[in-house]
Amino acid sequence: MPDIPPANAPSLDAYWMPFTANRQFKAAPRLLSAAQGMYYTSVDGREVLDGTAGLWCVNAGHGRRQISEAVARQLDTMDYAPSFQMGHPIAFDFAERLAAIAPGGPAAGLDRVFFAGSGSEAVDTALKIAVAYQRATGQGTRTRLIGRERGYHGVGFGGISVGGLVNNRRVFPQLPGTDHLRHTHDPARNAFSRGLPEHGAELADDLERLVALHGAETIAAVIVEPVAGSTGVLLPPVNYLERLREICTRHGILLIFDEVITGFGRLGAPFAVDYFGVVPDLVTTAKGLTNGCIPMGAVFASRAVHDALMHGPEAQIELFHGYTYSGHPVACAAGLAALDIYAGEGLLTRAGDIAPDWSEAMHSLRGLPHVIDIRTIGLVAGIELASRDGAAGERAYDLFVDCFERGLLIRVTGDIVALSPPLIAETGHIDRIVSTLGEALKRLA
Ligand SMILES: Cc1ncc(COP(=O)(O)O)c(C=O)c1O
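What comes next is a walk through the structure. (Residues numbered from 1 in each chain as written. Predicted model: local features only at pLDDT ≥ 70, side-chain atom pairs only at ≥ 80, totals over all residues.)

Moving on, we come to the site of the ligand. Contacts to the ligand come from 14 residues, most closely from Ser118, Gly119, Ser120, Gly154 and Val260. For the shell around the ligand, the element with the highest residue contribution is helix 6 (residues 119-136), accounting for three residues. Residue classes in the shell around the ligand are distributed as five nonpolar, seven polar and two charged. (Near = placed C-beta within 6 Å. Helix = DSSP H or I, 4+ residues; strand = E, 2+ residues; numbered from the N terminus. Nonpolar A, V, L, I, M, F, W, Y, C, P; charged D, E, K, R; others polar.)

The following block contains the structure:
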């Protein structure tokens, strides 16, 4: 008989963990074993407040019975069905329901939906659709893809090529024909801004520089996160996104918003498109699409983009792209149930109601040791700490461990704390986040 480890003390050897210092983790693991509402339970039975909605995805909170029942029903009814040259009603239903709440509303026309299995796949899908669109409209020289420094678009080769986080790029080869806009982080002018940073709209003009350098006729698309999340919550300066849209339109460049984090209510509007009133040509989503409980991604495409590809002989496949799990019936069931919860509880706009209190609470941490900037929007916050000399990231990591030990899950990236609790958070939860974090900051070396 092999040794069977007790359920709560698994062997840690086999699992090669993603985006984790594996050896450090396995020497002192942090393991979660249950989740309900706003809380996780750790394997040693402690309650841990979820300050991050998992990884920005569990927007309606954990353990939603409506979703688990829908998933169980779908598994019993039809566990899987192929999506190539075959269909199943629930994928069409889910696409229609998404189209009905599509970013920007009916006027934006972003109501054609391509399903993927994750945010990274949604990003690669959107990039490929953009290039295919340009070719279909007689602009085959437009293959270049522009991202932005400090952007995060997942970990596919497409996503890292347009992404702008050096650690995700330095080891790996990238797509030829990409370039990057400058990032918008400008603490010298914008630190501790309330609302959007006032300075920096002119950074959108960096696209003009790239047009002058490469020629507009080589550029297919620009992709940006409307609010950059993974790099540590960078808000777009006032008028930046508007200006980027205008320059893209002027040069025939498609604009892609990566809303994998901002989609489904995080900012207090259903999508960042709605929040900012700026309409791109393609929108990528994932995470909150299924409340994080079944992996799935989706791209919203404008009718103009979609329709341009619906040409040629009808028997011909229009886009040679798709995944085994595109439109997975179980993921669709989870997504439909998540949309019902979001609608029933007003969660796609609720963050807007609590945003003023959230912002006030976060800014109350100003003046505590090491805090050099605080940024909030919707139910998101970035709290930037001064780095230790020669040891970038260590200070925030220590804070993360301390908070976890005291019952609060935060996320850190470099020396920035990123907070994004489930959208069901109440005042008491926010107070607890602030007090736990505040005490931890005071203890922090
Ligand atoms: C903006 C953005 N795009 C893409 C991704 C990648 O999503 P996934 O991890 O589901 O592949 C993420 C993940 O955090 C993200 O924040």
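In spatial order, the strands read 4-10-9-8-7-5-6; together these seven strands make up an open sheet with mixed pairing. The open sheet terminates on both sides in strands that have one partner only, identified here as strand 4 (112-116) and strand 6 (178-181). Across the sheet, the mean angle separating the axes of adjacent strands is 20 degrees when strand polarity is ignored. Note: strand 7 (residues 219-224) against strand 8 (residues 254-258), four bridges, orientation parallel. What sits directly across from Val224, in strand 8, is Phe257. Lying on the sheet, helix 6 is in contact with strand 4, strand 5 (144-148), strand 7, strand 8, strand 9 (282-285) and strand 10 (297-301); it crosses strand 10 at an angle near 30 degrees. (Pairing = 2+ DSSP bridges. Axes fitted to C-alpha atoms, helices over the stretch in contact; angles between N-to-C directions. Contact = placed C-beta atoms within 7 Å.)

This part covers the packing of helix 4 (residues 89-100) against helix 14 (residues 329-344). Their axes nearest at 9 Å, the elements helix 4 and helix 14 cross at an angle of 35 degrees. In terms of crossing hand, the pair formed by helix 4 and helix 14 is left-handed. For the pair helix 4 and helix 14, contact is made by Ile90, Ala91, Asp93, Phe94 and Arg97 and by Pro329, Cys332, Ala333, Gly335, Leu336 and Leu339, respectively. Its residues placed into classes, the contact of helix 4 with helix 14 shows eight nonpolar, one polar and two charged. (Left-handed = near helix turned anticlockwise from the far one by under 90°.)

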